[in-house]
Amino acid sequence: MTVQNANVTPMMAQFLQIKAQYADALLFYRMGDFYEMFFEDAVAAAAALDIALTKRGQHLGEDIPMCGVPVHSAEGYLLTLIRKGFRVAIAEQLEDPAEAKKRGAKSVVKRDVVRLVTPGTLTEDSLLEPRRHNFLAAYAELRDEGALAWADISTGELRVMRCSRLRLAPELARLAPRELVVMAEMEPELRALAEDFSLALSPLARASFDSTGGQKRLCALFGVSTLDGFGNFERAEVSALGALAEYLDLTQRGQMPLLRPPMRESAGGVMQIDAATRRNLELTHSMDGRREGSLLGAIDMTMTAGGARLLERRIAGPSRSLNTIQARQQAVAWLVENDPLREGQRRCQQLGQQAAGDADCLRVWAETRDRFLGRSPAPAAPLSTEGR
């Protein structure tokens, strides 16, 4: 699909020019209230979304396949495409059509890609599973060193650890990232591994993994002159973190998500469980890949999405540190012993679900606090029932 003759329309010429920059992605081309797709993109999207495939004009003597989705309901279609392994470039109109007309009757509205949507870069609440992390990972190798970095851009979490090629599969099984960024020359070697874990593999040029460039990129991202305040990172770890930041900058088109400073995980800090053993133990997923029927599904009674993600992370990677284990046991014991506080939390959650209002939640917390501290609760008006 290239602009090969003078008969191509200005609009189609614009589409082809943008598409050439994102050849490996479906292009959502904004036209009024619809995102339109053309040529092979339209054929692939129509089949994946089960929508009508039509045609619009001709290009080089052949009909141009076309399909489209409404802008107001695009998120649902976008989620379906991402789950089926597609990457989607979203090209928006960057000016009002009236401005384009001032340049001439045949002038085209300016458009450009504002975001490249991939499995590991989803941010919309409607596209995410709130009780699960959505990790984007990057793997780097420098000489004999390897490192794995990962981030959840919906929460800002950013971590890195030493990781040899031999340990890569167990770590991917533990973290279950949706997408893995690697050096372009490593893609053929890791393709089978990516397929085993049903994750998207995204290659970047070797320059994106340069540790010196990565350090500069990370310092600029966090507004510091050195990374020493965050930890003593090895070259491979800086390489993986830098590539991750580079990929986010490319996909988010310069609108970098807010990330917390990187945390370095100890390679021996959690129990190592190979992928086959993890699958047979059904720690976080049953044998058929569902949460139901797993250990996590059986014991997860957390009230918040953050609590559910924390529980999954702890089950997927049991700690080997005695101090950490004892601290977790003490935290659980404290909540078990303080029944009023625990019940107050649950009551607040129920109130929030019933949309009774912040005042009611504050009252429940105040009563719970007073009981916990042995105070006599102050008289208060009954809980509101409006809207229930």
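What you see as residue numbers is a count from 1 along each chain, following the sequence as written. For a predicted model such as this one, the threshold for reporting local features is a pLDDT of at least 70, and the threshold for listing and counting side-chain atom pairs is 80 or more; totals across whole chains, interfaces and linings nevertheless cover every residue. Excluded from the side-chain calculation are hydrogens and water; included are all heavy atoms of the structure.

**Let's talk about the nonpolar core**
Judged by nonpolar contacts, the single largest core of 47 residues is most densely connected at Tyr139, Leu148, Leu168, Leu180 and Leu190. A run of H or I in DSSP counts as a helix once it spans at least four residues, and a run of E counts as a strand once it spans at least two, with each numbered from the N terminus. A per-element tally of this core places helix α8 (residues 235-251) first, with nine residues. Listed in part, the 22 residues of the second largest apolar core include Leu26, Ala74, Ile82 and Leu122. Residues belong to one nonpolar core when they are buried, are Ala, Val, Leu, Ile, Met, Phe, Trp, Tyr or Cys, and are joined through side-chain atoms within 4.5 Å. Burial classification: accessible surface area is computed with a 1.4 Å probe over protein chains only, and a residue below 20% of its type maximum counts as buried, one above 50% as exposed, and the rest as partly exposed.

**Examining the packing of helix α2 (residues 39-49) against helix α3 (residues 74-83)**
Think of each axis as a best-fit line through the C-alpha atoms, taken over the contacting stretch in the case of a helix, with angles from 0 to 180 degrees between the N-to-C directions. With their axes 10 Å apart at the nearest point, α2 and α3 run at an angle of 100° to one another. Regarding the angle of α2 to α3, the classification is roughly perpendicular. Along the contact surface, α2 presents Ala45, Ala48 and Leu49, while α3 presents Tyr77, Thr80 and Leu81. Nonpolar residues are Ala, Val, Leu, Ile, Met, Phe, Trp, Tyr, Cys and Pro. Charged residues are Asp, Glu, Lys and Arg, and all others, Gly as well, are polar. Taken together, the residues of the contact of α2 with α3 break down into five nonpolar, one polar and no charged. Convention used here: angles under 35 degrees read as roughly parallel, angles over 145 as roughly antiparallel, angles from 65 to 115 as roughly perpendicular, and any remaining angle as oblique. Contacts are assigned to residue pairs with any non-hydrogen atoms lying within 4.5 Å of each other.

**Overview of the confidence of the model for the chain**
Confidence of the prediction at every residue is given by pLDDT, a number between 0 and 100. The predicted model of the chain averages 86 in pLDDT, with 88% of residues at 70 or higher. At the low end of the mean pLDDT range in the chain sits helix α14 (residues 358-373), at 58; at the high end sits strand β10 (residues 179-183), at 96. Overall, residues 380-388 carries pLDDT values under 50, and its contacts beyond four positions in sequence, including any with other chains, amount to twelve contacts.

**What about the sheet that holds strand β2 (residues 34-38)?**
Strands are labelled as partners when DSSP assigns at least two bridges between them. An order of β3-β4-β2-β1-β5-β6 is seen for the six strands of this open sheet, with the pairing classed as mixed. Single-partner strands in this sheet number two, and they are β3 (54-59) and β6 (111-117). The average angle at which neighbouring strand axes cross in this sheet is 35°, direction not considered. Relative to β6, strand β5 (residues 88-93) runs antiparallel, the two sharing six bridges. Counted as the bridge partner of Gln93 is Arg111 from β6. Each of β1 (26-31), β2, β3 and β4 (62-70) touches α2; the most contacted strand, β4, lies at about 50° to it.

**Some remarks on the side chain of Gln252**
Along the chain, Gln252 falls in the loop between α8 and β12 (263-264). In this structure Gln252 comes out as buried when scored by relative accessible area, which is 9%. The contacts of Gln252, once residues within four sequence positions are left out, are Val114, Arg115, Leu116, Thr121 and Pro257.

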